[in-house]
Amino acid sequence: MFLLNPRSSFRLFTVILVLGVVCPMLYAAEPAASAANKRVKVLLITGIEFHNWRETAPQIAKQLASCPDIEVTLETNFNVLCSEEIFEYDVLFFNFWNSRDDSPSLDDDLALSNMEKFLDSGKGIVVYHLAIGVFETHKDRVETILGRVYDRSLPPHDPFREFEVNVVNGNHPIMKSVSDFKISDELYTCFALEGRPIEVLAEAMSANVNKSFPMAHLYKHGAGHVFTTVLGHDLQALGSPEFVTILRNAVLWLGHKEVPAEPAKVVSSSKPIIEG
C-alpha cells in the first residue's frame, strides 16, 4: 500500500494513493491487521532535494509497497520530523536534503531529538543517497544519530557511470538473494571511511579516489538501526533488481519482519509528483 499522507498539518496533498490509483476510501475501509500479519509502516519523507525527488520518491514508494508486508506513506515536508506523528511508524525513509537556503526547519533540535527517540525505541531509519547530508549545520550531532554523514571537504562522487557493487556480508538478511551486481549510478566518495562503527554490507571501488567505499551499511543507535545506501541517483538506478531487493529487505529487517527468500521484482513506472 502506497499512500500520500492525508493527515499531516504540513501537507501539500490531500489525496490518498494506492499504487498510483486515486482511491480516497480504501485506506479507511481496510480492516485492522492482526499482530502476526501487521505490515511494516514506512513514512517516506521527501519534498526538497537536489535530485528529482518528484520522480524517485513515488517510484520508491510504489516499489516498496509492492511487498505485501510493507505499507508506505509519502510525506513531502521534512518538518514532519518535528511532530509526534512519526512515532506511528516503524521505519522512516529519508529521501530529502534540507541543507539549502530554501529549506528552513521549524525546529532542528526537536527534529533531531525525535530522530534519536525514534531509534532509541528500537525502530529504524533508511538514509537514501543524498540524505546523508540532512541537517548539515548540525553535522557532529547528526553523525551520532546516523553514523556517517556528508563531508563537503571530500570529493563528491565519481562521474555517473556503470560500476560493480560487491556484496561484503552476504549472510545478513538485508543482502538475502543479492549477489555482486552492476549499476549505473553515482559512486559517492563524500563521507569519511573512518569514524563511528558501521557494518558494511556492500561496497564499490571509486575510480576517482582508488578506494572502496560502502554502498550499503548499518549503524546501531540505541535499540534501533540506521540503514544507509548512497546509491539511488535516479529512476535508472531504481530499475536495478538487486538494488530494489536491498531496499525492500532493509525496510523489512528494520521493521522486524522476516525477509523473503525470493528477490524483489522491479515495478512499472510510477506517476511523478506534480505540485499545485
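The preceding data block contains the structure.
Bear in mind that the values here come from a model prediction, so they are computed numbers and not experimental data.

The next thing to look at is the packing of aromatic side chains. Under the defined criterion, the tally for this structure stands at seven aromatic pairs. With centroids separated by 5.5 Å and ring planes inclined at 10°, the aromatic side chains of Phe-78 and Phe-96 adopt a geometry described as stacked. Of this pair, Phe-78 sits in the loop between strand E5 (70-75) and strand E6 (91-94) while Phe-96 sits in the loop between E6 and helix H3 (108-120), and the two are 18 residues apart along the sequence. The residues Phe-78 and Phe-96 share a single accessibility class, namely buried. In textbook terms, an aromatic cluster arises when at least three aromatic residues are bridged by ring pairs, as seen for Phe-78, Phe-94, Phe-96 and Phe-135. When the ring centre of Tyr-89 is taken as reference, the NZ or CZ atom of Lys-41 above it lies at 5.2 Å. Looking at Lys-117, its charged tip hangs above the ring of Phe-87, at a distance of 4.9 Å from the centre.

Turning to the environment of Glu-143, a few remarks are in order. Mapped onto the fold, Glu-143 is located in helix H4 (residues 139-146). In this structure, the C-alpha to C-alpha distance between Glu-143 and Arg-196, residues 53 residues apart in sequence, is 7.9 Å. In contact with Glu-143, not counting residues within four places along its chain, are Val-149, Arg-196 and Tyr-219.

Along the chain, the position of His-217 falls in strand E11 (residues 212-221). Here His-217 is in contact with Arg-148, Ile-198, Glu-199, Val-200, Leu-201, Val-226, Phe-227 and Thr-228, once residues within four sequence places are set aside.

This part covers the packing of H3 against H4. One can describe the packing of H3 onto H4 by two numbers: an axis separation of 10 Å at closest approach and a directional angle of 15°. In terms of orientation, H3 lies roughly parallel with respect to H4. Crossing handedness for the pair H3 and H4: left-handed. Taken together, the residues of H4 that come into contact with H3 (itself represented by Asp-109, Leu-112, Ser-113, Met-115, Glu-116 and Leu-119) are Arg-141, Val-142, Ile-145 and Leu-146. Among the residues forming the contact of H3 with H4, the class breakdown is six nonpolar, one polar and three charged.

Rules of the game
Residues numbered from 1 in each chain as written. Predicted model: local features only at pLDDT ≥ 70, side-chain atom pairs only at ≥ 80, totals over all residues. Heavy atoms only, no water. Phe/Tyr/Trp six-rings, centres within 6.5 Å; stacked < 30°, edge-to-face > 60°. Helix = DSSP H or I, 4+ residues; strand = E, 2+ residues; numbered from the N terminus. Buried < 20%, exposed > 50% of the residue type's maximum accessible area, 1.4 Å probe, protein only. Lys NZ or Arg CZ within 6 Å of the ring centre and 35° of its normal. Contact = heavy atoms within 4.5 Å. Axes fitted to C-alpha atoms, helices over the stretch in contact; angles between N-to-C directions. Parallel < 35°, antiparallel > 145°, perpendicular 65-115°, else oblique. Left-handed = near helix turned anticlockwise from the far one by under 90°. Nonpolar A, V, L, I, M, F, W, Y, C, P; charged D, E, K, R; others polar.

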